[in-house]
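Here's the letter readout for the chains.
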Amino acid sequence: MAEQGYIHCSAGHDQVDEMLEVVYAQVSDPLLMLVIDPDRLTSRWQLDEVPSAARPYPHVYGPLDLDAVIDTAPMTRAPDGWIYPWLTPSIPVAGPVRIRAADEPDWPVLRRWIVDPQLRTYLGGPGDPARADAQRGGMYGPGGFALEVDGQCIGFVTVRPRVTDLEVSYVVLPEHQGRGYAGAALPRVTDWVFATRPTLAQLVAVTQAANVPSRRLLESTGWTELDRFVEFGEPQVMYALSRSRPTVP
Ligand SMILES: CC(C)(COP(=O)(O)OP(=O)(O)OC[C@H]1O[C@@H](n2cnc3c(N)ncnc32)[C@H](O)[C@@H]1OP(=O)(O)O)[C@@H](O)C(=O)NCCC(=O)NCCS
């Protein structure tokens, strides 16, 4: 504020990463990320063009109200760059379901998604256990959301690139299905994705045409049919969710 007349902020994780490279490349002290809800600011703010930046950056022209800071996350320096929890801001609890970043202790549940015949009914049949175990280390990181009920992981939502889109997939263990857990969690995750990627127009999901629970889940949470095609030898339906539905900060 004192030096520039405004507080420089970022809109989306891509801009945070860009700033860490450009401005904080020589910094080694730990930093703290402040997550700001612009609707709670009393100071004026606006998006300003910045030379050579792909998108305008938000600038706050006045003091930052503490009430507008809705979350914080530690940022620490590693030899090859900055590390911070990718699931920032955290996702509010959705009914009985807590949504957090998937991590190594969730492996037994994730493994069932790959090898369990019941869960794989509409997913091409059970995968090879040895191949599943070989994938173990690469299954975590950005886009892996664990669903937790009463402290126990009961399923996942994942958001991963599919050609030029971001594709959403989901699973709830058979013994926890039919209780509204996926229906509660999915909109929270998709709201979070849109809120942290301001230029993303839509998300996609692909499900077998015969997968009635999956299609019901999508249709009851605002997704609409986009395309039909055959993949892995089965008729598939591609759904889209547009960002025009209301988002959470
Ligand atoms: C799809 C899946 C995640 C749904 O999880 P869930 O927690 O049981 O879903 P919910 O209880 O929140 O129900 C969501 C909607 O689906 C409907 N539904 C759930 N199970 C159903 C079933 N067996 N038959 C018909 N509808 C069903 C619910 O009625 C609800 O719709 P509504 O709001 O209109 O009533 C779960 O069935 C699953 O894990 N399937 C195996 C993995 C899979 O196929 N994933 C999809 C491709 S990635």
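Cut-off values and rules
- Residues numbered from 1 in each chain as written.
- Predicted model: local features only at pLDDT ≥ 70, side-chain atom pairs only at ≥ 80, totals over all residues.
- Heavy atoms only, no water.
- Pairing = 2+ DSSP bridges.
- Helix = DSSP H or I, 4+ residues; strand = E, 2+ residues; numbered from the N terminus.
- Axes fitted to C-alpha atoms, helices over the stretch in contact; angles between N-to-C directions.
- Buried < 20%, exposed > 50% of the residue type's maximum accessible area, 1.4 Å probe, protein only.
- Domains from an automatic or database assignment.
- Contact = heavy atoms within 4.5 Å.
- Buried area = accessible area lost by both parts, 1.4 Å probe.
- Near = heavy atom within 4 Å.
- Polar contact = N/O pair within 3.5 Å; in protein donor to acceptor, adjacent residues only side chain to side chain.
- Areas by Shrake-Rupley, 256 points an atom, 1.4 Å probe, with all protein chains shown as cover.
- Nonpolar A, V, L, I, M, F, W, Y, C, P; charged D, E, K, R; others polar.
- Arc of directions from axis to C-beta.
- Phe/Tyr/Trp six-rings, centres within 6.5 Å; stacked < 30°, edge-to-face > 60°.
- Lys NZ or Arg CZ within 6 Å of the ring centre and 35° of its normal.

## Quick notes on the sheet that holds strand E6 (residues 81-83)
Within the open sheet, the three strands sit side by side as E2-E5-E6. Their pairing is antiparallel. Of all strands in the sheet, those bounded by a partner on one side alone are strand E2 (31-36) and E6. With direction set aside, neighbouring strand axes in the sheet form an average angle of 35°. Looking at chain direction, strand E5 (residues 69-78) and E6 are connected through three bridges and run antiparallel. Across the sheet, Arg77 pairs through a bridge with Trp82, a residue of E6.

## A few points about the pairing of strand E11 (residues 202-208)
Within E11, six of the seven residues are buried, which leaves it mostly tucked inside the rest of the structure. By the bridge criterion, seven bridges tie E11 to strand E13 (residues 234-242) in an arrangement that is antiparallel. In the sheet register, Val204 faces E13, and the bridge partner there is Ala240.

## Comments concerning the domain arrangement of the protein
Accessible area lost when the parts come together is the quantity often used to give the size of an interface. Here the protein is partitioned into domain 1 (7-83) and domain 2 (98-242). Domain 1 and domain 2 are separated by 30 Å when their C-alpha centres are compared. The partner domain 2 presents four residues to the four residues of domain 1 that form the contact. Here domain 1 and domain 2 share an interface that buries about 320 Å² over both sides, 69% of which is from carbon and sulfur atoms. Per-residue buried area on domain 1 facing domain 2 is highest for Gly12, His13 and Arg55; these three make up 88% of the total on that side.

## Topic: the site of the ligand
Neighbouring the ligand are 20 residues; Val172, Gly178, Gly180, Gly183 and Arg216 lie closest to it. Separating a nitrogen atom of the ligand from a backbone N or O atom of Tyr170 is a distance of 3.0 Å. A distance of 3.4 Å is found between an oxygen atom of the ligand and a side-chain nitrogen or oxygen belonging to Gln177. For the ligand, whose free accessible area comes to 940 Å², the fraction covered by protein is 73%. Those elements giving two or more residues to the shell around the ligand turn out to be strand E10 (165-172), helix H4 (181-196) and helix H5 (212-220). Looking at which element gives the most residues to the shell around the ligand, the answer is H5, with six residues. Here the residues of the shell around the ligand sort into 10 nonpolar, eight polar and two charged.

## Observations regarding helix H1 (residues 13-22)
Taken together, the buried positions of H1 are His13, Gln15, Val16, Met19 and Leu20. Relative to the axis of H1, the buried residues are bounded by an arc of 160° and lie together on one face. Exposed side of H1, more than 90 degrees from the buried face: Glu21 and Val22 are the residues found there. For H1, the elements touching its buried residues are strand E1 (7-8), E2, strand E4 (57-61), E5, E6 and H4.

## Section: the packing of aromatic side chains
For the structure on display, the rule yields five aromatic pairs. A centroid spacing of 5.5 Å and a plane angle of 50° characterise the contact between Tyr6 and Tyr61, whose relative ring orientation is tilted. Of this pair, Tyr6 sits in the segment before E1 while Tyr61 sits in strand E4; the two residues are 55 residues apart in sequence, bridging distant segments of the chain. Ring centres 6.0 Å apart and planes at 80° place the aromatic pair Trp86 and Trp192 in the edge-to-face group. Here Trp86 is found in the loop between E6 and strand E7 (98-101), whereas its partner Trp192 is found in helix H4, with 106 residues between them in sequence. Here the aromatic cluster, defined as three or more aromatic residues joined through ring pairs, consists of Trp86, Phe145 and Trp192. Geometry around Tyr61 places Arg44 over its ring, the cationic atom sitting 4.4 Å from the centre.

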